[in-house]
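Structural overview for review
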Amino acid sequence: MLAIPIEYWILLLVAVITVGVACWYAGKRVRINNDEALLGSAREQARGILEKAVQEAEAKKKEANLEVKDEMYRLRSELEAESKERRAELQRLERRAIQKEESLDRKLENFEKREEALQRKEQEAEEVKARVDDLFRRQWSELERIAGLSMEEARKLLLAQAEEQIQQEMAVQIRNAEQQAKEESDRKAREIISLAIQRCAADHTSETTVSVVQLPNDEMKGRIIGREGRNIRTLETLTGIDLIIDDTPEAVIISGFDPVRREIAKSALSRLILDGRIHPARIEEMVEKATREMDQKLREDGEAACFEVGVHQVHLEIIKLLGRLRYRTSYGQNVLKHSLEVAYLAGIMAAELGADVTLAKRAGLLHDIGKAVDHEIEGSHVAIGVEIARKYHEHAEVLHSIEAHHGDVEAQTIIASLVQAADAISASRPGARRETLETYIKRLQRLEEIANDYEYVERAYAIQAGREVRIMVKPDKVDDVMAYKVARDIVHRIEEHLDYPGQIKVTVIRETRAIDYAK
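Residues numbered from 1 in each chain as written. Predicted model: local features only at pLDDT ≥ 70, side-chain atom pairs only at ≥ 80, totals over all residues. Heavy atoms only, no water.

**Observations regarding the nonpolar core**
So the rule is basically this: The definition of a nonpolar core used throughout is a set of buried Ala, Val, Leu, Ile, Met, Phe, Trp, Tyr and Cys residues joined through side-chain atoms within 4.5 Å. Relative accessible area decides the class of each residue, using a 1.4 Å probe on protein chains only: under 20% of the type maximum gives buried, over 50% gives exposed, and in between gives partly exposed. Numbered from the N terminus, helices here are DSSP runs of H or I no shorter than four residues, and strands are runs of E no shorter than two. In what follows, residue pairs with any heavy atoms lying within 4.5 Å of each other are defined as contacts.
If you look at the biggest cluster of nonpolar residues, it comprises 40 residues, and the most contacted ones within it are Ile318, Leu322, Leu325, Leu365 and Ile388. Sorting the residues of this core by element identifies α6 (280-309), α7 (316-324), α8 (335-353), α9 (357-366), α10 (381-391), α11 (396-404) and α12 (414-428) as the ones contributing at least two each. Per-element accounting of this core gives the leading share, 9 residues, to α8. Residue contacts for Leu325: discarding those within four places in its chain leaves Asn334, Val335, Leu336, Ser339, Asp368, Ile369, Lys371 and Ala372. Counting residues in each nonpolar core, the second largest holds 25 residues, with Leu215, Val260, Ile264 and Ile273 among its members.

Here it is in structure tokens:
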């Protein structure tokens, strides 16, 4: 194999490189030409797009200018129309202001003319008033001369006549009102009260607490006293009562202010007498037993009273206090029976009037509850009863009825008025109560004193056991019409200054006698 000189390889390499460089250059020129062609084409396209954009921009500019011109024209038109309307409104306001000003000028002119006329009339009125005053003074002087009375005397005379006339008119009105009220109320009240009394079957006899214990023989007195009086002292100490052992045959008197304690002592002493064993220990045992039985009896009596009138849900302490009323009397009338009777009457009248029957019965039953402990607590039985009812949460109507049943406060409800009426009926019926002679005489004297306080009363007499007062008036000072007013005034005085059961009739008598003698 022939060896190729290195020069040929160098030449071949140079040739190959030259050919490669020529090919590369030719390709590059082709690309450059292509790029230049593409660049020219792009420039032509860009120029076309730019020209088209410029044309469109010119068109839009022209269109925008047209729209702006249209909008400016529209706004100018609206502004001109608004300005025109405002000018018209201002012209109208100006015309109205001118008219008002002209009207005010006319009114001012009229006012000035009227003021001048009024001034003239005022001057004329003053002149007329001066003439009238002068004429009045002359006429008044002439009247005083003719009548023989001064102006002050005439005024007093007229006032006296007017007062007399007003009093007569008041008396006539009082008489008419009384007659009308009696026509309407007497019939209904009489019907309701009579019905209530007929339906209430209460006992007409009063019970009294027995304070005498019968003995089998007089020897028992010594045993009751005991050695050196220890038995009787023990019994008196435990019960709080006094034993009176005197010459009364076969009897021991029990004296005590508390009726319940007196009943306990009576029961214990009766048991001791039956048992025969009387000594301090046995006395203590019997008193304790009698006390327990009395507590149970008080509760039973109170429950029976509540059940009898149909009053339920009563506090246990109030039930016990009701039981204590069985041994309490007022003017000889048993207070528990009186309370039951008031409850019946109040319930019946409440039913007739359409009021709450149960509440009326409850208020009637508890209206005298304070009398159960009025000997232990200071105060009137009304105030004590209110406190007891309030303590055990009784109804407000019940509290008010207790407070008002004796007139300490004015009755504000129909229940309180019914309890007042029922209490008066129960206390004033025949045989219900007994009064002491001293109280009775004082009431009669006070009745006559109240009537005789009036200057036009000639004589006054309390009759029918203080149920009526008859008054003789002076006929020259009281006429037939004024007699009604006199009766009303005296009734008010009696109601304000006197306490009494039931009602008092006031009769005013005016008598005129014509006397002559035949000769």
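**Describing the sheet that holds strand β1 (residues 212-214)**
The line we're drawing: For two strands to be treated as a pair, DSSP must find at least two bridges joining them. Axes here mean lines fitted to C-alpha atoms, for a helix over just the part in contact, with angles spanning 0 to 180 degrees between N-to-C directions.
Across the sheet, 3 strands lie side by side as β1-β3-β2; this open sheet has antiparallel pairing. The sheet is open, and its two borders are formed by β1 and β2 (242-244), each paired with just one other strand. The mean inter-strand angle of the sheet, taken between neighbouring strand axes irrespective of direction, is 30°. One ladder, built from 3 bridges, connects β1 with strand β3 (residues 251-255); its direction is antiparallel.

**Examining a nonpolar patch on the surface**
The criterion, for reference: Only residues whose relative accessible area exceeds 30% and that take part in no salt bridge are eligible for patches, with like-charged residues grouped when within 9 Å of each other and nonpolar side chains (Val, Leu, Ile, Met, Phe, Trp, Tyr) grouped when within 5 Å. Computed with a 1.4 Å probe, the accessible areas rest on the Shrake-Rupley method; for each residue, only the protein chains presented here act as cover. Just to be clear on terms, a salt bridge is a Lys or Arg side-chain nitrogen sitting within 4 Å of an Asp or Glu carboxyl oxygen.
There is a patch of nonpolar side chains on the surface, built from Ile6, Trp9, Ile10, Leu12, Val14 and Val16 and spanning about 600 Å² of accessible area. With respect to the helices and strands, Leu12 occurs in helix α1 (residues 6-147). By relative accessible area, which is 48% here, Leu12 ends up partly exposed.

**A short note on the sheet that holds strand β8 (residues 505-510)**
The sheet built from 3 strands is open, its strands ordered β6-β7-β8 with mixed pairing. At either end of the open sheet lies a strand with only one pairing partner, and these are β6 (457-463) and β8. Adjacent strand axes in the sheet meet at a mean angle of 20°, parallel and antiparallel pairs treated alike. As paired elements, β6 and strand β7 (residues 468-473) share 6 bridges and run antiparallel to each other. Opposite Ala462, over in β7, you have Val469 as the bridge partner. Strands in contact with helix α14 (residues 482-497) are β7 and β8; relative to β8, the strand with the most contacts, it is inclined by about 145°.

**Some remarks on α8**
The periodicity of an α-helix, 3.6 residues per turn, causes residues three or four places apart in sequence to face the same way. Here is the rule: Here, expected helix span is obtained from the residue count minus one, scaled by 1.5 Å. Polar contact is defined as a pair of N or O atoms within 3.5 Å, subject to the rule that within protein one atom must be able to donate a hydrogen and the other to accept it, and that residues adjacent in sequence are counted only when both atoms are side-chain atoms.
The terminal C-alpha atoms of α8, which comprises 19 residues, lie 26 Å apart, in line with the 27 Å expected from a rise of 1.5 Å per residue. Among the 19 residues in α8, 14 count as buried, and that is most of the element. Taking the backbone nitrogen of Leu336 as reference, a side-chain oxygen 3.1 Å away marks Asn334 as the first, capping residue of α8. Residue Gly354 follows α8 closely and has a positive phi angle near 80°.

**A few points about the environment of Gly302**
Assignment of secondary structure puts Gly302 in helix α6. As a C-alpha pair, Gly302 and Ile319 span 17 residues in sequence and 4.6 Å in three-dimensional space. Residues within four places of Gly302 in sequence aside, it is in contact with Ile319, Leu322 and Gly323.

**Overview of α10**
Considered for burial, the residues of α10 that qualify are His381, Val382, Ile384, Gly385, Val386, Ile388 and Ala389. Looking at the buried positions of α10, the neighbouring elements they touch are α7 and α11. Two residues or fewer past α10, His393 is found with a positive phi of approximately 60°.

**So, a negative patch on the surface**
Convention followed: Here Asp and Glu are counted as negative and Lys and Arg as positive; His is not counted, and neither are the chain ends. A single reference atom marks each charge: NZ on Lys, CZ on Arg, CG on Asp, CD on Glu.
On the surface, a cluster of negative charge is made up of Glu122, Glu124, Glu126 and Glu127. Within the secondary structure, Glu122 sits in helix α1.

**Details of the pairing of β3**
In terms of strand pairing, β2 meets β3 through 3 bridges, oriented antiparallel. Residue pairing for β3: Leu243 is matched across the bridge by Ile254. Here β2 hands over to β3 after 6 residues, with Glu250 in that stretch at a positive phi of 50°.

**Section: unusual backbone geometry**
At Gln313, a residue that is not glycine, the phi angle is positive and equals roughly 55°. Positive phi, normally seen in glycine, also occurs at His393, with a value near 60°. Its place among the elements puts His393 in the loop between α10 and α11. With a relative accessible area of 70%, His393 lands in the exposed category.

**Brief notes about the pattern of salt bridges**
Scanning the model with the defined rule gives 22 salt bridges in all. A salt bridge links Arg92 to Glu89; the nearest nitrogen and oxygen atoms lie 1.9 Å apart. Here the residue Arg92 and the residue Glu89 both occupy positions in helix α1, the gap between them amounting to 3 residues, near one helical turn. Judged by its relative accessible area of 38%, Arg92 is partly exposed.

**Quick look at the side chain of Asp301**
On the secondary structure map, Asp301 appears in helix α6. Under the relative-accessibility criterion, Asp301 is labelled buried at 12%. Setting aside chain neighbours within four positions, we find Asp301 in contact with Gly323, Arg326 and Tyr327.

**Looking at the packing of α8 against α9**
Packed helices, taken two at a time, are described by the angle between their axes plus the distance between the axes. Put simply, the rule reads: Oblique is the label for any angle not under 35 degrees, not over 145, and not in the 65 to 115 range, which are roughly parallel, roughly antiparallel and roughly perpendicular in turn. The sense of a crossing depends on the near helix, which, turned anticlockwise from the far helix by less than a right angle, makes the crossing left-handed and, turned clockwise, makes it right-handed. As a working rule, the residues Ala, Val, Leu, Ile, Met, Phe, Trp, Tyr, Cys and Pro are called nonpolar, Asp, Glu, Lys and Arg charged, and the rest polar, with Gly in that last group.
For the pair α8 and α9, interaxial distance at closest approach is 7 Å and the crossing angle is 155°. With respect to α9, the axis of α8 lies roughly antiparallel. For the pair α8 and α9, the crossing hand works out as right-handed. Where α8 abuts α9, its residues Ser339, Leu340, Val342, Ala343, Ala346, Gly347, Ala350 and Ala351 lie against Val357, Ala360, Lys361, Gly364 and Leu365. In terms of residue class, the contact of α8 with α9 is made up of 9 nonpolar, 3 polar and 1 charged.

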